[in-house]
Amino acid sequence: MNSKITIPIAVIISIIVTAGIMITLDFEQPSQTTQVTPPETVYIDKSISKYFEGTNNIKKISSQEELKNILETSSMFDGNFYDNRLIRSMAGEGFTGATPPMAMDDGAVFQESATVSKAETGSSDYSTTNVQVENVDEPDYLKNDSKYVYIVSHNTLSIIDAYPAESAKIILKIALDIESQYIENMFLNEDRLVIFYNGQSNDEIIPQYDFAPVRSYESVTHALIVDVANKENPIILKDYSIDGYFTDARMIGDYVYFVTNSNVNYQYPRLPIIMEDSVRIMTPDAFYFDNAEQFSNFNTLTAIDIFGDKINSETFLMGYSGALYVSENNFYLTYQQSMPFGFYEQSSRDRFFDVIVPLLPDHIQEQIKIIQKDSSINSSTQWMKISELMQKSYNEMNKDDKEKLFEKIKEALNEYDVKIQEESAKTIIHKISIDNDKIEYVAKGSVPGRLLNQFSMDENKDRFRVATTTEYYTQYQGMVRTNSVYVLDEQLNIVGSLDKIAPNESIFSARFMEDRLYLVTFQQIDPFFVIDLSTDTPKILGELKIPGFSNYLHPYDEKHVIGIGRDTKEIEEGRVQQLGIKIALFNVADVNNPKVTDDIVVGDSSTQSEALYNHKAFFFDKTRGILSIPINGDSQKLDEIASAKKIAPDYNRWSGFYVFGLDKTNGVSLKGTITHSDGDSRYYGMSNARTFYIDDVLYTASEEYLKMNSFNNLEEVNSIKLENTGKFIEYLK
């Protein structure tokens with residue numbers, strides 16, 4: 001493939017002298033030297049679009065040398081230090097982009113164990129992790145099947161025989177021999193666990209102007225595949241390590257897909273690699289884009305077959321990936337658009353010459369042009385002469401004329417600033433198709449604004465829907481906020497939009513459900529919107545304004561939505577005070593007139609719940625009509641807790657779970673509470689709090705306890721202490 005491309009890169013040498021510079025990179029063949037065309041001074045109009053000119057087509061980095069050339073050229077203009085004498089050679093690593101044969105250690109041979117029949121030993125009725133997309137599992141620190149519970153905490157793995165609850169016990173608690181850290185991400189698939197943890201590479205570099213090699217301490221992500229068929233003797237089958245920080249992961253069928261982010265090291269640039277048991281097994285195919293996007297990060301998407309040897313990976317030179325959305329067929333990576341180096345300095349200069357100068361009296365404009373053309377004086381002197389000229393002109397004006405001129409300039413500047421801010425505040429979206437171990441890049445697109453989280457996105461048939469908040473500050477308009485919904489086609493082209501939803505508000509939660517979007521914005525009150533997405537032209541069907549806001553929306557059925565957030569009240573000077581945790585059931589049967597069927601408020605502003613910001617801490621079972629959330633708060637403000645214990649001398653905090661009955665007929669009512677406080681500990685919070693069920697028992701987990709309570713009356717069936725038991729942890733047997 002011919003790799004000849006053009007990359008415009010906006011840079012700045014001087015705020016006053018240079019308005020913009022575009023350079024051309026010409027890659028003939030990977031083995032040839034990169035030719036850099038001398039910078040050309042150009043002036044831009046009031047649009048920033050040309051900063052991102054290019055086809056946006058994906059381009060393959062065909063060799064390590066080409067990566068060096070790309071980074072070397074861009075670093076000349078973005079302020080990064082670069083010394084090609086320090087490039088670490090990849091000679092002998094055999095970079096081909098292809099996957100070499102898998103290296104198998106004798107000790108890593110698969111040891112098949114007899115599969116335990118769930119029908120014989122477990123319940124047929126149980127719940128798992130609360131996820132966004134059906135059949136697309138999300139990682140968590142706790143996973144369970146119909147009988148066993150697996151928990152990773154710090155660097156330990158605990159396996160609990162949890163069913164039947166009456167005889168539940170910890171079978172195994174072992175520690176991984178790794179750096180001390182909090183492991184939080186794991187998948188369970190039959191008798192296989194996939195555990196992710198962070199490590200460091202063993203690479204060595206020579207620091208700038210030094211002579212002795214030192215360890216680079218670059219981050220790597222480990223993915224352990226563990227066979228837990230024998231609960232008392234788990235076996236590590238695979239230990240993959242991939243360059244970069246762990247970002248997020250999904251499991252679809254027998255494949256796990258995960259993303260790692262690794263910084264671009266301009267001093268020691270190299271492509272990410274994948275190792276197994278410290279043996280390099282592949283260098284992923286690497287790609288970049290022919291536009292001015294800053295090359296700051298490698299985003300590596302890796303697919304692993306849990307039950308086999310297949311592994312595939314591709315890496316993309318782009319911005320730092322943020323929220324991601326994954327369907328059964330596609331992976332969507334997103335991040336905020338980064339402006340080219342020096343953009344805002346150039347914008348300041350353009351702001352003056354393109355907006356202010358044309359509004360000045362004609363004779364002043366002519367004199368400014370003469371000063372600009374005078375090459376005998378430097379930029380500082382030029383500006384001094386221009387400012388003196390303007391000041392003299394203002395002094396000669398009468399007061400009314402000067403005020404009118406200033407007002408006209410302010411209006412023009414505000415219009416310019418708004419346009420620049422709107423065009424620069426965008427979210428970049430990359431679409432990658434996934435099919436078992438096949439990974440194929442599809443398209444790149446962008447939408448104005450920023451995403452709140454993964455629930456701001458949704459794929460429905462051949463459409464991708466996005467809800468964003470655009471917010472920016474201008475000198476004469478102050479803070480501006482607005483919200484929008486965009487519909488994109490398969491190639492991520494915008495084909496429909498709904499703009500200016502709830503001006504001066506921000507999106508606090510979103511939930512796409514088939515042809516509907518339920519959207520909550522907040523600034524002073526809680527507008528709950530029902531938005532129609534049955535066509536490419538979204539429209540608001542109904543709106544409900546109530547005090548408070550919802551941080552998370554959960555589907556109940558086609559006509560009802562559950563919201564969890566906070567109650568609020570207006571106080572003096574138009575300000576809003578946040579109150580307790582609020583659970584509301586919205587009735588959207590009449591889309592033009594949504595209503596609150598019922599709501600309930602727990603505690604006060606000091607009351608906290610992980611479910612407000614982590615959907616995995618939210619549990620709802622429609623069949624039983626049970627909702628459970630973790631709560632941590634002042635026991636005096638939690639009226640339902642009469643027997644709360646003091647956790648520390650000056651604190652009277654209660655930690656546990658509130659369990660509600662919830663259905664569309666009776667609304668929301670408190671069913672009971674489950675205490676996880678320990679009067680002898682200094683445990684104040686309720687992080688990593690989860691609820692699930694097996695058969696007729698409700699299981700609640702915190703960092704310290706796994707408790708089992710009857711679904712019917714919440715009477716305690718059993719309790720297991722998970723942390724700080726005072727017992728030995730077996731490192732070696």
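Residues numbered from 1 in each chain as written. Predicted model: local features only at pLDDT ≥ 70, side-chain atom pairs only at ≥ 80, totals over all residues. Heavy atoms only, no water.

Quick word on the pattern of salt bridges
Turning to step 1, where the next piece is worked out: Summed over the entire model, instances satisfying the criterion amount to 26 salt bridges.
Turning to step 2, where the next piece is worked out: Ionic pairing is found between R690 and D140, a salt bridge with its closest N-O pair at 2.6 Å. On the criterion of sequence distance, the pair formed by R690 in strand 43 (residues 690–694) and D140 in the loop between helix 2 (118–121) and strand 6 (142–144) is long-range, its members being 550 residues apart.
Turning to step 3, where the next piece is worked out: Of the residues examined, D140 reaches a relative accessible area of 4% and is grouped as buried.
Turning to step 4, where the next piece is worked out: Close ionic contact of K664 with D557 constitutes a salt bridge, the shortest N to O distance being 4.0 Å. A residue pair is termed long-range when its members are at least 10 positions apart, and K664 in the loop between strand 41 (653–663) and strand 42 (667–675) and D557 in strand 35 (residues 549–557) qualify at 107 residues.
Turning to step 5, where the next piece is worked out: Where salt bridges share partners, they join D125, D621, R624 and D696 into one cluster. (Salt bridge = Lys/Arg side-chain N within 4 Å of Asp/Glu carboxyl O. Helix = DSSP H or I, 4+ residues; strand = E, 2+ residues; numbered from the N terminus. Buried < 20%, exposed > 50% of the residue type's maximum accessible area, 1.4 Å probe, protein only.)

Topic: the sheet that holds strand 16 (residues 245–252)
Turning to step 1, where the next piece is worked out: The strand order 5-20-22-21-17-16 describes an open sheet built from 6 strands, whose pairing is mixed. Each edge of the open sheet is held by one strand with a lone partner, namely strand 5 (58–60) and strand 16. Strand-to-strand twist in this sheet, taken as the mean axis angle between neighbours without regard to direction, amounts to 25°.
Turning to step 2, where the next piece is worked out: Strand direction decides the pairing type here: strand 17 (residues 255–263) and strand 21 (residues 297–305), joined by 9 bridges, are antiparallel. In the strand pairing of strand 21, T260 is matched with T300. (Pairing = 2+ DSSP bridges. Axes fitted to C-alpha atoms, helices over the stretch in contact; angles between N-to-C directions.)

Quick word on unusual backbone geometry
Turning to step 1, where the next piece is worked out: The omega torsion of the bond from Y163 to P164 falls at 0°, within 30 degrees of zero and hence cis.
Turning to step 2, where the next piece is worked out: Inspection of the secondary structure assignment puts P164 in the loop between strand 8 (156–161) and strand 9 (169–175).
Turning to step 3, where the next piece is worked out: In this model, H154 sits at a positive phi of 55°, which is unusual for a non-glycine residue.
Turning to step 4, where the next piece is worked out: Within the secondary structure layout, H154 lies in the loop between strand 7 (148–153) and strand 8.
Turning to step 5, where the next piece is worked out: Looking at H154, the relative accessible area reads 30%, which means it is partly exposed.
Turning to step 6, where the next piece is worked out: Positive phi, close to 65°, is recorded for L714, a residue that is not glycine.
Turning to step 7, where the next piece is worked out: Assignment of secondary structure puts L714 in the loop between strand 45 (705–710) and strand 46 (716–721).

A look at helix 6 (residues 399–424)
Turning to step 1, where the next piece is worked out: The first and last C-alpha atoms of helix 6 sit 37 Å apart over 26 residues, in line with the 38 Å expected at 1.5 Å per residue.
Turning to step 2, where the next piece is worked out: For helix 6, every residue scored as buried is listed here: L405, I409, L413, N414, Y416, D417, V418, I420 and S424.
Turning to step 3, where the next piece is worked out: By the N-cap criterion, in which a side-chain oxygen at the helix start approaches the backbone nitrogen of a residue two or three places on, helix 6 is capped by N398, the distance to D400 being 3.2 Å. (Expected span 1.5 Å × (residues − 1). Polar contact = N/O pair within 3.5 Å; in protein donor to acceptor, adjacent residues only side chain to side chain.)

So, the nonpolar core
Turning to step 1, where the next piece is worked out: Membership of the largest hydrophobic core comes to 35 residues, with the highest contact counts inside it found for Y150, I160, L193, I195, Y699, L706 and M708.
Turning to step 2, where the next piece is worked out: Per-element tally for this core: the top contributor is strand 7, with 5 residues.
Turning to step 3, where the next piece is worked out: With 34 residues, the next largest nonpolar core counts L301, Y325, Y332 and L333 among its residues. (Core = buried A, V, L, I, M, F, W, Y, C linked by side-chain atoms within 4.5 Å.)

Details of empty space enclosed by the protein
Turning to step 1, where the next piece is worked out: Tallied over the entire structure, the rule returns 4 cavities of 30 Å³ or more.
Turning to step 2, where the next piece is worked out: In this model, the largest cavity occupies a volume close to 150 Å³.
Turning to step 3, where the next piece is worked out: Lining the largest cavity we find 16 residues, and of these Y141, I151, V152, S153 and E723 sit closest to its centre.
Turning to step 4, where the next piece is worked out: Those elements that place two or more of their residues in the lining of the largest cavity are strand 7 and strand 8.
Turning to step 5, where the next piece is worked out: A total of 3 residues in the lining of the largest cavity trace back to one element, the largest contributor, which is strand 7.
Turning to step 6, where the next piece is worked out: Looking at side-chain class alone, the lining of the largest cavity contains 6 nonpolar, 6 polar and 4 charged residues. (1 Å grid on protein atoms, 1.4 Å probe; cavity = no way out; pocket = protein on both sides within 12 Å on 5 of 7 lines; lining within 4 Å. Points joined across faces, edges and corners; volume = space filled by probe spheres on them. Nonpolar A, V, L, I, M, F, W, Y, C, P; charged D, E, K, R; others polar.)

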